[in-house]
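Breakdown of the fold
Letter by letter, the chains look like this.
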Amino acid sequence: MYKIVTRKQLNDAVVLMEIDAPYIAAKAEAGQFIIYRVDEKGERVPLTIADYDREKGTITIIFQVVGASTTELARLNEGDYIHDVVGPLGVATEYDEGIKRVAVVGGGVGCAIAYPQAKKLHNMGVEVDLIAGFRSKDIVILEDEMGKASSHLHICTDDGSYGYHGFVTNKLQELIDGGAKFDEVIAIGPVPMMKFVCKVTKPYDIKTLVSLNPIMIDGTGMCGGCRVTVDGKIKYACVDGPDFDGQKVDFDELMRRNSTYKEQEKAHLCRLTGGVR
Amino acid sequence: MANMSLTKTPIAEQEPKVRARNFKEVTLGYTPEQAIEEAQRCLNCKHKPCMTGCPVSVRIPEFIAKVAEGKFEEAYAIIKTTNALPAVCGRVCPQEHQCEGKCVRGIKGEPVGIGRLERFCADYMMDKAVAVEKAEPNGHKVAVVGGGPSSLTVAGDLAKLGYDVTIYEAFHTAGGVLMYGIPEFRLPKAIVQHEIDNLTNMGVHIMTNMVIGRVLSIDELMGMGYEAVFVGSGAGLPRFMGIEGEGLVGVYSANEYLTRINLMKAYKDDYETPIMKSKNVAVVGGGNVAMDAARSAMRLGAEHVYIVYRRSMDELPARKEEVHHAQEEGIEFLVLNNPVKIVGDENGHVNGMECIKMELGEPDASGRRRPIPIEGSNFILDVDTAIMSIGTSPNPLIRSTTPGLETNDHGCLIVDENESTTKEGVYAGGDAVTGAATVILAMGAGKKAAAAIDEYIKNKK
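Residues numbered from 1 in each chain as written. Chains lettered and ligands numbered in written order. Predicted model: local features only at pLDDT ≥ 70, side-chain atom pairs only at ≥ 80, totals over all residues. Heavy atoms only, no water.

The name given to chain B in an unreviewed UniProt entry is NADPH-dependent glutamate synthase, and the organism recorded there is Hominimerdicola aceti.

In the annotation of an unreviewed UniProt entry, the entry for chain A reads FAD-binding FR-type domain-containing protein, and the organism field reads Ruminococcus bicirculans.

Set out below in structure tokens:
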């Protein structure tokens, strides 16, 4: 059982929880994830680790409420317990030596995962452009934190209600056109967003890392549910990823496979896909 | 006077039509009277051929003699001296290749139903309070990585000797393949849990949600005061064929399909894990896992379930009883067929499997006749789900995070005859060493490893 020590509502649908998990906190690195199970009858759901505090022995997760499993998690309060939390899973993000400027692109709740990446790079002395996209002003999260974790924070909204009016891909293109030389781009968010970020960077041959969120059960390389096609080969997001070279990922297949249980979800809201981050 | 019947005493089973739509246990087990009757078929051979076929050397004629006398508790005690999990083995061992395969009664007629009798003894004792023997602690700590059959055996044997044993399990519950792989209708999970509870009652600690290789390394375990580590981390990544269409919606590995059903209870309405509601299912492969997946698909309501296997019925690696049960339940065996492509509709969902017919040629390295495709015999099987059950390759997690732990070309951990790895104090067994094999072979390895670990720690002093 894992105690929730802090719970914050970041916007109407996004919740932050700090969880007492000393073993995980001792080892967690940016890019890794956990799998939780709310109770005995719950699903196993993967969530990226947004932050950790080795001294306090806690990890932080930030998630969007989209269905039963996240609804149930969001219902828990400070002092409540989550039945199971296992991690850290996956390979920590590896950065190339000598990188000077990086664009970290986050979409919606994906900003919660883009944020620790930006923070780590920023602390390494890298110039970080954090491009954070949201539908509108009212769902912007982590603005202060992201500001501190980047050299240039570019908040974008689809409807123009705050910051830059447009998609993250438009902003990224503008920056590149304006002469920004990115050694690397890291994109974390909805699959279509990651796909289109890769389209933007491809002509410039900029290495683009994406963090994938396929359906998953065990997270240790046993079930094969999280397989993705990368460079024409089967890779397992849980042990080979979750980060992959975005130019080589078959995003269309990933989108299809992530929709495997969409019909069942609609028919019966209690049954959801695992891949929610 | 021995019972000279040429056939085993019949055992009650659920009717095929009924059981093919539920997840309750198929075989109902012997009554005490039936057990005594079957036990009386044993000739109590002096040279005990049956025992030579048992990877954990169960004292078979001795326990059967006690069953014949109606002394079931004593029979159970005899089994327990060498077998930590009798209720499991009685159900899932391939007895026809082991004990029963060596039984002299099998020369003319059917062998003694050793598996059925072992199961009877374990089930008979299940609801009886058996005083747990807690050994005097010897002050030594051993860590066990993984909670499957080899690990449970190591833990049980070492706990009996007074070791302080901790099992590190990656899932939220221990049991390994006994929990996530083998279905309820073949091995009820309450029985597995009962065997695990026996271990914890003996003083074995179980730490769940601990993925060794990520949260702690083997070296870190050694630094935590464990004098030896046993690695029973299991087989690992499911294999796919590498054919077109394996990324379509509706293609599962057998591991995923079975884990959703068995561990995550997708077949129960009050659990949240989803699983596809399939109409026609093709399971590729011919082993026990393939049979389990096929029979599970039938129980979830499929209309047609096919086993697609590239060799013939004679080469099916599954336990005979499972093949027989599967046939009774209406699983259709498309043997001498091999998939060449999985076909999808415009939405990327499986809507067929293209297969090619095969014929058998000369024997290959495995000693079985090599299947050869028949040119131009391709056809499309009308299915909406494909379950790949063609084996696994070892999990890289432990070998890639443990310096000094060597593996062979297949990625399996290298061990000597004592299950000792290339790293001092680290032992291994089960599928992590052999690649996908059986529960009982894993238990046999666990037994050897436990004895070797005991020797190693005693000699270190």
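After that view, the rundown keeps rolling.
**Remarks on the state of the cysteines**
The bond known as a disulfide is covalent and runs between the sulfur atoms of two cysteines. Residue and element names in this part refer to chain B. Stated precisely, the cut-off is as follows: The disulfide definition used here is simple: a pair of cysteine sulfur atoms within 2.5 Å. Here the term buried applies to any residue with accessible area under 20% of the maximum for its type, exposed to any over 50%, and partly exposed to those in between, with areas from a 1.4 Å probe on protein chains only.
This model, assessed by the stated rule, comprises 0 disulfides over all chains. Just so you know, C99 is unpaired, no disulfide at all, and the nearest cysteine sulfur is the one on C54, 6.5 Å from it. C99 gets classed as buried once you look at its relative accessible area, which sits at 7%.

**Some details on the sheet that holds strand β2 (residues 14-20) of chain A**
All names here are of chain A. We apply this condition: For two strands to pair, DSSP has to find at least two bridges joining them. Helix numbering and strand numbering both begin at the N terminus, where a helix is a DSSP run of H or I of at least 4 residues and a strand a DSSP run of E of at least 2.
On the basis of which strands lie adjacent, the open sheet formed by 7 strands has the order β6-β1-β2-β5-β4-β3-β7 and antiparallel pairing. What marks the edges here is a single partner per strand, and that holds for β6 (81-82) and β7 (84-89). As defined by bridge partners, strand β3 (residues 33-37) adjoins strand β4 (residues 45-53) across 4 bridges and the pair is classed as antiparallel. From the neighbouring strand, I34 faces β4, where its bridge partner is L47.

**Brief notes about the UniProt feature "domain: Dihydroprymidine dehydrogenase" (unreviewed entry) in chain B**
Selection rule: UniProt positions are given in the numbering used here, feature names are shortened, and annotations may be inferred rather than shown by experiment.
Following the UniProt record, one finds the feature "domain: Dihydroprymidine dehydrogenase" (unreviewed entry) at residues 19-128 of chain B. A distance of 28 Å separates the end C-alpha atoms of residues 19-128 of chain B, which is 50% helix and 3% strand.

**So, the UniProt feature "domain: FAD-binding FR-type" (unreviewed entry) in chain A**
Those residues carrying the UniProt feature "domain: FAD-binding FR-type" (unreviewed entry) are residues 1-95 of chain A in this numbering. The distance separating the terminal C-alpha atoms of residues 1-95 of chain A is 34 Å; by composition the span is 15% helix and 46% strand.

**Some words on the UniProt feature "domain: FAD/NAD(P)-binding" (unreviewed entry) in chain B**
In this numbering, the UniProt entry assigns the feature "domain: FAD/NAD(P)-binding" (unreviewed entry) to residues 141-446 of chain B. Within the segment residues 141-446 of chain B, helix and strand shares are 26% and 25% respectively, and the terminal C-alpha atoms sit 17 Å apart.

**Some details on the packing of aromatic side chains**
Residues and elements named next belong to chain B. The following threshold applies: Centres within 6.5 Å are what make two rings of Phe, Tyr or Trp a pair, Trp counting through its six-membered ring; a difference in plane orientation under 30 degrees is then read as stacked, over 60 as edge-to-face, and the rest as tilted. A ring has a charge above it when a Lys NZ or an Arg CZ is no more than 6 Å from the ring centre and no more than 35 degrees off the ring normal.
Under the defined criterion, the tally for this structure stands at 9 aromatic pairs over all chains. Considering the side-chain rings of F120 and Y124, the 5.7 Å spacing of their centres and the 35 degrees angle between planes classify their relative orientation as tilted. Here F120 and its partner Y124 are both found in helix α8 (residues 114-126), 4 residues apart, which amounts to about one turn of the helix. By relative accessible area, F120 is classed as buried at 6%. Every member of this aromatic cluster is reached through a ring pair, and the members are F23, F185 and Y267. The side chain of R299 reaches across the aromatic face of F185, ending 3.7 Å from its centre. Just above the ring of F379 sits the side chain of K357; from NZ or CZ to the centre is 4.6 Å.

**What to know about the domain arrangement of chain B**
How large an interface is tends to be reported as the accessible area lost when its parts come together. All names here are of chain B. Applied cut-off: All the domain ranges listed were derived from an automatic or database domain assignment. Contacts between residues were defined by any pair of non-hydrogen atoms, one from each residue, lying within 4.5 Å. A pairing counts as a salt bridge when a side-chain nitrogen of Lys or Arg comes within 4 Å of a carboxyl oxygen of Asp or Glu. Residues adjacent in sequence count toward polar contacts only when both atoms are side-chain atoms; beyond that, a polar contact is any pair of N or O atoms within 3.5 Å, and within protein one must be able to donate a hydrogen and the other to accept it. Under the scheme applied, nonpolar residues are Ala, Val, Leu, Ile, Met, Phe, Trp, Tyr, Cys and Pro; charged residues are Asp, Glu, Lys and Arg; polar residues are all the others, including Gly.
For chain B, the assigned domains are domain 1 (12-126), domain 2 (141-236 + 393-460) and domain 3 (240-390). The straight-line distance from the C-alpha centre of domain 1 to that of domain 3 is 31 Å. In this complex, domain 1 contributes 15 residues to the contact, which on the side of domain 3 involves 16 residues. Viewed at the interface, domain 3 and domain 1 are joined by 2 salt bridges. Between domain 1 and domain 3 we count 13 residue pairs in polar contact (both at pLDDT 80 or more) in total. Sorting the residues of the side of domain 1 that touches domain 3 by element identifies α1 (16-19) and α6 (86-92) as the ones contributing at least two each. Looking at the side of domain 1 that touches domain 3 residue by residue, the class counts come to 7 nonpolar, 3 polar and 5 charged.

**Regarding the pattern of salt bridges**
On inspection of all chains with the given rule, the structure shows 41 salt bridges over all chains. The residue R37 of chain A makes a salt bridge to D84 of chain A at a minimum N-O spacing of 2.9 Å. Of the two residues, R37 of chain A is situated in strand β3 and D84 of chain A in strand β7; the sequence distance between them amounts to 47 residues. The exposure classification of R37 of chain A matches that of D84 of chain A, with both residues buried. In the salt-bridge network here, residues are joined through shared partners; they are E13, R19, R186, D292, R295, R299, R319, E321, E322, E328 and E329 of chain B.

**So, the packing of helix α9 (residues 149-160) of chain B against helix α18 (residues 439-460) of chain B**
Each packed pair of helices is defined by two parameters, the angle between the axes and the distance between the axes. All names here are of chain B. Note the following rule: What counts as an axis is a line fitted to C-alpha atoms, over the stretch in contact for a helix, and the angles between N-to-C directions run from 0 to 180 degrees. Each crossing gets its handedness from the near helix: less than a right angle anticlockwise from the far helix is left-handed, clockwise is right-handed.
Contact geometry of α9 with α18 gives a least axis separation of 7 Å together with a crossing angle of 35 degrees. As for how α9 packs across α18, the hand of that crossing is right-handed. Along the contact surface, α9 presents P149, S150, T153, V154, D157 and L158, while α18 presents V439, A442, M443, G446, K447, A449, A450, I453 and D454.

**Some remarks on α9 of chain B**
Residues and elements named next belong to chain B. What counts is decided by this rule: Expected span of a helix: the number of residues minus one, times 1.5 Å.
Taking 1.5 Å per residue as the helical rise, α9 with its 12 residues ought to reach 16 Å, and the 17 Å between its terminal C-alpha atoms agrees with that figure. Regarding α9, the residues found buried are P149, S150, S151, L152, T153, V154, A155, G156, D157, L158 and A159. Turning to α9, the residues buried within the fold contact β3 (141-145), β4 (164-168), α10 (177-180), α11 (189-201), β6 (228-231) and α18. Just downstream of α9, G162 is the residue with a positive phi angle, here 100 degrees.

**Points about the interface of chain A and chain B**
Contacts between the two partners involve 45 residues from chain A, matched on the other side by 45 residues from chain B. Of the charged contacts, one joins E220 of chain B and K27 of chain A as a salt bridge, the two residues approaching to 2.5 Å between their closest N and O atoms. Between the two partners, chain A and chain B, sit 21 residue pairs in polar contact (both at pLDDT 80 or more). Breaking the side of chain A that touches chain B down by element, the ones donating at least two residues are α1 (22-27), α2 (68-75), β7, β15 (233-236) and α7 (251-258) of chain A. Considering each element in turn, the side of chain A that touches chain B owes the most residues, 6 residues, to β7 of chain A. Of the residues contributing to the side of chain A that touches chain B, the split by class is 20 nonpolar, 11 polar and 14 charged.

**Section: the nonpolar core**
Short version of the rule: Here, nonpolar core means buried Ala, Val, Leu, Ile, Met, Phe, Trp, Tyr and Cys residues that are tied together by side-chain atoms lying within 4.5 Å of each other.
Counting 73 residues, the largest nonpolar core has I60, F63, V67, L117, L178 and I453 of chain B as its most contacted members. Broken down by element, the residue count for this core peaks at 9 residues, all from α18 of chain B. If sequence neighbours within four positions are ignored, V67 of chain B has contacts with A35, I36, A39, F72, A75, L117 and C121 of chain B. Membership of the second largest hydrophobic core comes to 57 residues, among which are I176, L212 and F251 of chain A together with L237 of chain B.

**Things to note about the packing of helix α13 (residues 254-262) of chain B against helix α14 (residues 288-299) of chain B**
Residues and elements named next belong to chain B. Inclusion rule: Oblique is the label for every angle not falling under 35 degrees (roughly parallel), over 145 degrees (roughly antiparallel), or within 65 to 115 degrees (roughly perpendicular).
As a packed pair, α13 and α14 sit with axes 10 Å apart at the nearest point and diverge in direction by 50 degrees. As far as their axial angle goes, α14 and α13 are oblique. Here α13 and α14 pass one another in a crossing that is left-handed. The segment α13 lies against α14, with A254, Y257, L258 and I261 engaging V289, D292, A293, S296 and A297. Tallied by class, residues from the contact of α13 with α14 come to 7 nonpolar, 1 polar and 1 charged.

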